[in-house]
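# Close look at the chain arrangement
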Amino acid sequence: MRIDTTFLRSGVARRIFFLFVLSALLPIALMLGLSLRELNKDMERSLSQELRQAAKTYAMSLYERLKLADDDLNLLAAHADEQDITHHLQDRDASRYASLTWIRGPREIPLLGGVTRRVNLSEEDREHLGRGMSLLVNASEGLDTRELLLVHPSAHGGYLVAQLRPGYVWGSRDTLPYLTDFCITNQAGKLLHCTNPGQAGFIAAGRLMPHSGLISESFQLFLRGSFAAPEWRVLAMQPAPEARSRLDAMNHIFISVALLAILLVAFLSVMQIRRTLVPLENLIDGTRRLARQDFTPLPVSARNDEFTELAQAFNAMSGELRTKFLVLDAQSRIDRMILTELNLERVLETVLRGLHDVVPADSLCVAAIERALGDRAQLHCLTGDRLTVERIEFGPDTLAGLNGLEAGLMAERATPGGGRLPPWPDQPHVLYLPVRWKDELVAVLGLGFAAADRLAPGIRRHVEEVAGRIGVALSALAREEMLYRQAHYDSLTGLPNRLMFHDWLNRETRRAQRSGETLALLFIDLDQFKMVNDSRGHGAGDELLREVATRMQGAVRGDSLIARLGGDEFIVALPSLGEKTQAGTVAEHLLATLSQPYTLSGFQHNINASIGIAFCPQDASRGEELVRCADIAMYRAKEAGRGRYVYFEEEMNTRVLADTRLDQELRRALRDNEFVVFWQPQQNLGDASLSGAEVLIRWNHPERGLVPPGAFIDYAERSGLIEPISMRVMELACAQFRAWMDAGIAPPRMAVNISAREFRHPDFIDRVSEAVGASGVPPERVELEITEGGFIDDLKDMSARLDQLHGLGFHIAIDDFGTGYSSLSYLSSFNADVLKIDRSFVMRITEQESYRSLCRAIIQMGHALDMKIVAEGVEQPAEREFLRSEGCDYLQGYLYAKPLPAEQFEAFLDNGREAVRSAA
């Protein structure tokens with residue numbers, strides 16, 4: 001942090017500063033000396049306590065190790081003979097003992113190591129041992145050569161004598177505290193052990209010698225009660241310089257704190273002097289800046305004194321002058337834009353940013369009303385530095401409320417005039433000001449405030465002055481826009497004309513090449529326009545073109561450009577495409593929209609369109625070349641049969657043509673009844689009887705013969721043709737099943753596949769009920785097979801549909817289970833009767849254990865939910881035997897029977913499986 005000390009150039013400021021510092025220096029120095037003396041005493045006491053605690057801790061660890069050895073010896077003494085003791089020594093940790101001997105009368109029995117020397121026991125020692133307690137004996141003299149013997153009475157006579165290892169008794173040096181050593185002496189002052197042998201020479205008579213350069217504290221370890229031995233003294237020692245360094249460090253810290261206190265006094269002195277003298281200097285400097293039209297306000301302190309009042313008065317005067325200059329500047333900028341160039345967005349942005357400098361509003365909005373449309377406007381809002389632009393519509397009540405505003409209205413957001421005022425800006429308090437030109441409302445200003453008291457009365461006058469300039473600018477802009485539209489827009493449809501489109505296209509193609517984005521061009525030509533002109537006249541043709549333009553505007557996204565090139569040719573340009581296929585999606589939507597019937601002069605007409613699609617920069621980089629590519633693609637669409645779209649790219653064009661051909665052929669197949677149904681029997685694994693049959697579709701193509709469903713079902717799903725195809729299959733299957741019922745040979749049940757798209761159709765249940773009811777087949781004999789993926793979109797709605805179908809008597813089967821979202825949680829919520837295992841699992845159950853486990857789990861899960869299980873695609877006897885062993889209910893596949901036409905299926909019903917095989 002930098003302290004501004006320029007004010008200390010004043011003599012008065014310097015004198016006050018030195019008096020402050022001197023008055024603090026003497027008390028701090030006196031307090032420092034006294035405190036240091038007491039602090040050193042406290043530190044010395046603390047150090048002594050630490051050493052005493054260290055000596056105690058080490059003594060307790062010695063005692064614990066002796067007790068562990070004693071406890072272990074006590075356990076050994078309980079055994080009856082030396083073999084038993086030796087055996088138990090192998091199972092225990094014997095590293096505590098250098099040797100172990102059992103003395104029984106005159107016998108000395110070595111148990112570990114050599115024979116331990118015999119111990120001369122006094123009468124007192126014998127009494128101690130007689131109480132079952134151990135005896136600790138110092139058997140030799142000399143530092144670290146002293147033998148420590150532990151004697152313990154044996155439960156079977158005599159006593160055990162163990163020589164303890166010194167390394168075990170004294171412990172490891174690695175566990176000692178940092179820079180702390182220990183020496184142990186007996187009651188007589190004899191030295192028993194030192195963790196640092198070099199310090200043994202400083203011990204005399206059990207105490208530390210003077211001038212050793214060490215400091216120490218001791219602790220008495222009493223051994224008489226447990227071991228009948230004299231007490232030991234434990235000395236903890238540290239080098240004196242190390243202890244002194246801790247005292248010196250604390251002294252340095254204390255002195256540093258004292259110096260910091262002196263510096264703090266100096267800092268506070270500077271701050272106090274500055275608060276007194278700086279406001280005067282600021283006032284002088286502010287007056288000079290005001291003369292240079294610099295309206296930076298003076299800093300105002302939080303203290304309520306004369307300096308604060310003076311600064312506030314000066315800032316109020318400066319703010320008023322600043323506001324006046326800003327208003328004049330905003331008005332001059334608007335005037336310059338009126339004289340040079342008129343751009344609505346730039347004008348409104350200039351107004352908002354100018355007002356933002358003048359008015360302390362939290363949000364500012366201006367809505368420029370589009371006079372040609374009346375109730376629509378372009379809304380610009382500025383919140384902070386963020387500017388947003390959108391198109392809005394005024395309701396009748398709102399527009400009437402704004403027209404009724406005279407000199408402005410301050411509205412509370414909680415009571416926005418009963419819907420007669422707009423909901424912007426999004427602030428609790430809003431000031432609305434109407435902008436009029438020649439008594440006509442052309443714009444509305446909205447100033448939003450978080451607090452109602454932020455708008456001063458003088459500011460409103462300045463805002464009204466700016467609002468007057470907005471009216472002039474918008475009026476001039478309206479005249480300029482009218483001239484521009486006459487030159488760049490088609491007078492019939494209101495769409496951009498060829499001139500405006502080519503200007504826009506040249507800019508967008510250059511931008512697309514720079515940015516790497518894709519620009520799509522859709523060239524649209526109406527297919528039956530000439531017929532309308534010839535049959536109904538040019539008035540009807542003009543009416544058609546206007547309706548086409550309206551439909552196209554509602555069918556594409558907002559950033560697209562729609563233009564009329566002339567006659568019945570239109571262009572739709574799609575900038576910034578993410579994927580090329582999006583252009584195809586737009587083209588499909590346009591074709592569907594434009595193909596809806598038109599009512600022209602009281603007559604209905606069906607008009608189609610052909611669309612060619614080209615991309616920049618992939619197909620062409622220049623605007624004219626891109627239009628030519630799209631035009632070529634459009635003619636290819638006409639050559640392909642009209643009423644479609646074609647990509648300029650050859651690969652995509654080939655695919656579109658193939659789909660178009662398939663679409664036409666499927667529609668013809670529906671019209672000419674080319675679809676037939678096959679029947680694949682299902683076998684009951686319990687008694688090998690016929691349990692039902694699945695209905696399968698085939699396309700009897702006049703040129704390609706019998707076409708399997710895999711060649712056309714996917715496209716039928718995408719195009720929506722699956723719905724009429726499925727209903728045709730349902731009708732054919734029901735008619736055939738009814739005939740077999742009348743002949744008395746019908747299978748127990750027929751299963752019909754239902755596509756996910758068809759199942760989600762709002763009228764699906766009514767359609768199925770009507771088709772089955774019209775045939776006279778009872779719903780109880782019909783099983784509807786639905787793939788599990790058809791349930792996932794809306795579980796609640798799908799479950800309700802299944803319940804409704806069940807209520808009508810239909811059976812429900814979940815087909816291809818295991819290939820989608822196989823989940824017990826969703827499966828348990830559906831009212832289904834049958835679960836079908838997909839053939840992709842069945843065909844691998846003889847090869848991989850994982851598939852056997854999966855099929856087993858599906859069977860168990862289905863049975864747990866009270867469902868019957870059907871295995872599809874069974875082709876091997878081993879597969880059938882596995883499924884039967886796991887409890888599967890039914891099988892379906894080539895092992896039992898192939899899909900059969902109706903005639904062969906009748907033979908199957910009459911004669912059984914052998915008749916089918918002979919027919920094949």
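All of these numbers come straight from a predicted model, not from anything done at the bench.

In the contact formed by helix H18 (residues 722–743) and helix H20 (residues 764–775), the axes pass within 9 Å of each other and the chain directions differ by 25°. Relative to H20, the element H18 lies roughly parallel. For the element pair H18 and H20, the recorded crossing hand is right-handed. Taken together, the residues of H20 that come into contact with H18 (itself represented by Glu-723, Met-727, Met-730, Glu-731, Cys-734, Ala-735 and Arg-738) are Arg-767, Val-768, Ala-771, Val-772 and Ser-775. Split by residue class, the contact of H18 with H20 holds 7 nonpolar, 1 polar and 4 charged.

Glancing now at a nonpolar patch on the surface. There is a patch of nonpolar side chains on the surface, built from Met-317, Leu-321 and Phe-325 and spanning about 260 Å² of accessible area. Relative to the helices and strands, Leu-321 resides in helix H7 (residues 306–339).

Pro-425 follows Trp-424 through a cis peptide bond whose omega is -5°. On the secondary structure map, Pro-425 appears in the loop between strand E15 (409–412) and strand E16 (429–437). Omega for the peptide link from Cys-616 to Pro-617 comes to 10°, which places this bond in the cis form. Secondary-structure assignment places Pro-617 in the loop between strand E23 (609–616) and helix H15 (623–639). With phi around 60°, Leu-179 is a residue other than glycine that occupies positive phi space. Note on placement: Leu-179 falls in the loop between helix H4 (166–170) and strand E6 (181–185).

Attention now goes to the pairing of strand E25 (residues 675–684). For E25, a buried count of 8 out of 10 residues is recorded, marking the element as mostly surrounded by other parts of the structure. Alignment of E25 against strand E26 (residues 690–701), held across 9 bridges, turns out to be antiparallel. Bridge assignment links Phe-678 to a residue of E26, and that residue is Leu-696. Between E25 and the antiparallel strand that follows it, E26, lie 5 residues; Ala-688 among them carries a positive phi value of about 65°. Note that E25 and strand E33 (residues 890–892) share 2 bridges and pair antiparallel. What sits directly across from Asn-684, in E33, is Tyr-890.

Next up on the list: helix H12 (residues 529–536). When H12 is considered as a whole, its buried residues turn out to be Phe-529, Val-532 and Asn-533. One side of H12 holds all its buried residues, which, seen down the axis, span an arc of 95°. Projecting away from the buried face of H12 at angles above 90 degrees are the exposed residues Lys-530 and Asp-534. Buried positions along H12 lie against strand E18 (518–526), helix H13 (538–555), strand E21 (598–600) and strand E22 (603–605). Two residues or fewer past H12, Gly-537 is found with a positive phi of approximately 95°.

What follows covers the packing of aromatic side chains. Tallying each qualifying case throughout the model produces 17 aromatic pairs. Where Trp-679 meets Phe-905, the ring centres are 5.9 Å apart and the plane angle is 25°; that geometry is what we call stacked. In this pair, Trp-679 is assigned in strand E25 and Phe-905 in helix H26 (residues 902–911), connecting sequence segments 226 residues apart. Look at Phe-905 and you get buried, because its relative accessible area is 0%. An angle of 40° between the planes, with centres 5.1 Å apart, marks the rings of Trp-740 and Phe-905 as tilted. One end of the pair, Trp-740, is in helix H18; the other, Phe-905, is in helix H26, with 165 residues separating them in the sequence. By relative accessible area, Trp-740 is classed as buried at 1%. Taken together, the ring pairs connect Trp-679, Trp-740, Tyr-896, Phe-905 and Phe-908 into an aromatic cluster. Across from the ring centre of Trp-102, 4.4 Å away, lies the NZ or CZ of Arg-104, which sits over that ring.

Turning next to the state of the cysteines. Taken as a whole and assessed by the stated rule, the structure comprises 2 disulfides. Note that Cys-183 is cross-linked by a disulfide to Cys-194, the S-S spacing being 1.9 Å. When the S-S torsion is 115°, as for the bridge of Cys-183 with Cys-194, the disulfide is right-handed. Here Cys-194 lies in strand E7 (residues 191–194) and Cys-183 lies in strand E6, a separation of 11 residues in the sequence. For Cys-183, a relative accessible area of 0% translates into the label buried.

Turning to the sheet that holds strand E2 (residues 107–112), a few remarks are in order. Read from one edge to the other, the open sheet built from 5 strands follows the order E2-E1-E5-E4-E3, with strand pairing classed as antiparallel. Each having just a single partner strand, E2 and strand E3 (135–138) make up the two edges of the open sheet. Each adjacent strand pair in this sheet contributes to an overall mean axis angle of 25°, direction not counted. By the bridge criterion, 4 bridges tie E3 to strand E4 (residues 148–153) in an arrangement that is antiparallel. By the bridge assignment for E4, Leu-135 is matched with Val-151.

A few words now on the sheet that holds strand E24 (residues 645–647). Judged by pairing direction, the sheet is mixed, and its 5 strands sit side by side in the order E19-E20-E18-E23-E24 without closing on themselves. One side of each edge strand has no neighbouring strand; the edge strands of this open sheet are strand E19 (561–566) and E24. Looking at each pair of strands side by side, their axes are set apart by 20° on average, direction ignored. As paired elements, E23 and E24 share 3 bridges and run parallel to each other.

This paragraph deals with a negative patch on the surface. Taken together, the side chains of Glu-731, Asp-763, Asp-766 and Glu-770 present a region of like negative charge at the surface. Residue classification places Asp-766 among the exposed residues on the basis of a relative accessible area of 52%.

A few words on the pattern of salt bridges. Oppositely charged side chains are able to pair whenever their charged atoms sit close together. Here the structure, examined in full by the defined rule, presents 27 salt bridges. Glu-349 is the partner of Arg-353 in a salt bridge, and the nearest nitrogen-oxygen pair spans 3.2 Å. One end of the pair, Arg-353, and the other, Glu-349, are both in helix H8 (residues 344–358), 4 residues apart, so they sit about a helical turn from each other. Residue class for Arg-353 comes out partly exposed when judged on its relative accessible area of 32%. Residue Glu-508 is joined to Arg-511 by a salt bridge in which the shortest nitrogen-to-oxygen separation is 3.0 Å. Linking Glu-508 with Arg-511, this pair stays in helix H11 (residues 498–515), spanning 3 residues, or about one helical turn. Linked by salt bridges that have partners in common, Glu-694, Glu-785, Lys-836 and Glu-872 make up one network.

Within the secondary structure layout, Asp-125 lies in helix H3 (residues 123–130). Buried and unpaired, Asp-125 has no salt bridge, with Arg-224 as the nearest side chain of opposite charge at 7.3 Å. Apart from the residues lying within four places of it in its own chain, the contact partners of Asp-125 are Asn-120 and Leu-135.

Parameters at a glance
- Residues numbered from 1 in each chain as written.
- Predicted model: local features only at pLDDT ≥ 70, side-chain atom pairs only at ≥ 80, totals over all residues.
- Heavy atoms only, no water.
- Axes fitted to C-alpha atoms, helices over the stretch in contact; angles between N-to-C directions.
- Helix = DSSP H or I, 4+ residues; strand = E, 2+ residues; numbered from the N terminus.
- Parallel < 35°, antiparallel > 145°, perpendicular 65-115°, else oblique.
- Left-handed = near helix turned anticlockwise from the far one by under 90°.
- Contact = heavy atoms within 4.5 Å.
- Nonpolar A, V, L, I, M, F, W, Y, C, P; charged D, E, K, R; others polar.
- Patch = residues over 30% accessible without salt bridge, like charges linked within 9 Å, V, L, I, M, F, W, Y side chains within 5 Å.
- Areas by Shrake-Rupley, 256 points an atom, 1.4 Å probe, with all protein chains shown as cover.
- Salt bridge = Lys/Arg side-chain N within 4 Å of Asp/Glu carboxyl O.
- Buried < 20%, exposed > 50% of the residue type's maximum accessible area, 1.4 Å probe, protein only.
- Pairing = 2+ DSSP bridges.
- Arc of directions from axis to C-beta.
- Phe/Tyr/Trp six-rings, centres within 6.5 Å; stacked < 30°, edge-to-face > 60°.
- Lys NZ or Arg CZ within 6 Å of the ring centre and 35° of its normal.
- Disulfide = S-S within 2.5 Å.
- Lys, Arg positive; Asp, Glu negative; His and termini not counted.
- Charge placed at Lys NZ, Arg CZ, Asp CG, Glu CD.

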